[in-house]
Each structure stands twice: as structure tokens, then as C-alpha cells.
Amino acid sequence: MEIPERISYSQARSWNTCRYQWRLMYVDHADAVTPPGLRYGAALHEALAAGFRSLLPADVMPGPSTVRDVALDALSDAWDKHDVPWSEGYDEAVEIIERQFRDSIVRGHVVRRDVIAVEEFLKSAVAGVTHDGVIRHATVSAVLDLVLKLPGDLVEIRDHKLGAPRASGGDPQLGLYAALWDAAHPELPVGMVSLSFPTGGELDVRRIDVEPIWPARSVSYVLRARDEIEDAAVHGDTPPNPSVHACSRCDFAHRCPAAVVVALPRARVD
Ligand code: SF4
């Protein structure tokens, strides 16, 4: 089995959720069909990225209405691209985008010029101690939704979540992002990470300082999965692990004989 040369948090999570899903996605590169309940989230994610991208520092910064127009155009395009029915919450999605980029918020970003990276791809060789106490190395990659500059030459890494709000402390995805950012940008270390929940009635951002042990634990989580993947590459051991939660969010349920699928209400895309 030819395994990917690097691992990401999404890949580690897929591995830990269902090894057959991991194989279809990362080894076989099988045709994926995103479940209908997740397409809404994917479209909203793209619109948020477009809006924040327009706020990256430039000689002439846009006004609030321009930023909203950019994001709303992206929303409309993404709705088409992901084949989301227009009756499936489009008006609500427009309200979410308008709330995310309302005048006071856009002006704050423009004044601070604090949006410094959007959908930033990072790749780094990392080392860490896995659960069995052995030092491992792997190439790890990630795409960061949003990076904001903080006072004191620090940054905040933010991830948009389109599900129910929850605390951000200890989140392994955020910890891994912090580790990768610090490796790539030691001159601008991560001071804070956050989860934002744009679908909430009010703007809901859960921020937390990064404790040093957190990124290290997150790296270990990914390295452990990488260890197991390398072992599976030898033994070819990638059985399905069906569950309602996993299969309803799986891009390969349409072709998996073990799938257990129920209709999913609109849900998050990480
Ligand atoms: S449908 Fe379920 S069992 Fe099949 S690959 Fe996806 S998560 Fe695994």
C-alpha cells in the first residue's frame, strides 16, 4: 500500500474514525460524494474565507459593504458548486455572512490590519514522543482558516466551526495548528487559539491561551496515527468501522458496503 508522504489532523482523525474511509480517501483517491447535510457547511466556509481574504493588508483596504459583497458572491458561487438546494437555508446563510462582516467588525479589522493569513497551507517536519514513549518524526500539514495578528508580535489562530458551540481548550486540531505555525513563523509565535461558531445567534468566538503542553500533545496524537498507518501499510489492515455518526459524515458512504447512514441535518465541516 502506498501511503501519503505526510499526515494532517484530518487524516489522523479519519484514520481513528474508520480505517477503510482513510484508505478510500488517502490511498485509493476514490470518488467522493459529500453528504447533503455537509454541503451547506462547505459553502459557508468558502464564503467566510473569501470575506476574510479581502481583509488581508493592502494599500487600499475595502469598506464593509465591499467585504460583504465579496463574501456573498462567494457564497452564491459555492452554493452552486456544492449543489446545495437554494431552499436549504440560503437566506439564513446570507444573514450569517452579513453578521460576520457587519460594519463594526470589518472596520475593526481594517483599523488593526490584523488579518494576516487566510486558508494558510503549512507543512513541517515535526518530532514528538508518542504514547509508547518513543520519539517519532513525520511531515505534517494543515490548512489554517484564519490567522489574526495580536499586540506584542503574537498571533491568534482561529478555526471556523459550523456546529454547536463548544470550548476550545485542549482541542487537538488547534494544538497542532499552533505547533505548525510556530515552526514556520518563530518570529510571530501563537499566543492564542480560538474556535468561532458563525451559525450562533450572536458572534460566538471561544478564545484561549496556548499552554506549552497542548501543541506537544496534539503532535503526539498525529504521530501515533502515523505510526499505525505505517504499520497498516505493511499488513494491509484497514477494516471499516461503521457508526451512524461516522457514516453519515462520510464522503464514501455511497460505495461502502458497511455504511450505516441516516439523513443528517446541516452540520459542520472542519
Ligand atoms: S461509510 Fe462508514 S464504514 Fe464505510 S468507509 Fe465511511 S465511515 Fe467507514
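Residues numbered from 1 in each chain as written. Predicted model: local features only at pLDDT ≥ 70, side-chain atom pairs only at ≥ 80, totals over all residues.

## A closer look at the environment of R19
Now for step 1: In this structure, R19 sits in helix α2 (residues 19–26).
Now for step 2: Under the C-beta neighbour-count criterion, R19 is labelled partly exposed, with 18 such atoms within 10 Å.
Now for step 3: Through-space distance from the C-alpha of R19 to that of A232 is 9.4 Å; in sequence the pair is 213 residues apart.
Now for step 4: In contact with R19, not counting residues within four places along its chain, are A232, T238, P239 and N241. (Helix = DSSP H or I, 4+ residues; strand = E, 2+ residues; numbered from the N terminus. Buried ≥ 20, exposed ≤ 12 C-beta atoms within 10 Å, placed from the backbone. Contact = placed C-beta atoms within 7 Å.)

## Describing the environment of A258
Now for step 1: Locating A258 in the fold gives a position in the segment after α9 (244–248).
Now for step 2: For the pair A258 and Y20, spaced 238 residues apart in sequence, the C-alpha separation works out to 9.8 Å.
Now for step 3: Apart from the residues within four sequence positions on either side, A258 is in contact with P240 and P242.

## Some details on the site of the ligand
Now for step 1: Taken together, 14 residues sit near the ligand, with C18, C247, C250, C256 and A259 positioned nearest.
Now for step 2: Where the shell around the ligand is concerned, the elements lending two or more residues are α2 and α9.
Now for step 3: When its residues are assigned to classes, the shell around the ligand shows twelve nonpolar, two polar and no charged. (Near = placed C-beta within 6 Å. Nonpolar A, V, L, I, M, F, W, Y, C, P; charged D, E, K, R; others polar.)

## What about the confidence of the model for the protein?
Now for step 1: Confidence in the prediction for the protein averages 90 pLDDT; 95% of positions are at 70 or higher.
Now for step 2: Ranking the helices and strands of the protein by mean pLDDT puts helix α4 (residues 64–81) first, with 97, and strand β6 (residues 205–209) last, with 89. (pLDDT = per-residue confidence, 0-100.)

## What about unusual backbone geometry?
Now for step 1: The phi angle at D83 is positive, at roughly 60°, despite the residue not being glycine.
Now for step 2: Position of D83 relative to the elements: it lies in the loop between α4 and α5 (90–100).
Now for step 3: For D83, a count of 10 C-beta atoms within 10 Å gives the class exposed.
Now for step 4: With a phi angle near 50°, E119 is a residue other than glycine that sits in the positive phi range.
Now for step 5: Looking at the secondary structure, you find E119 in strand β2 (residues 115–129).
Now for step 6: The exposure class of E119 is partly exposed, given the 16 C-beta atoms found within 10 Å.

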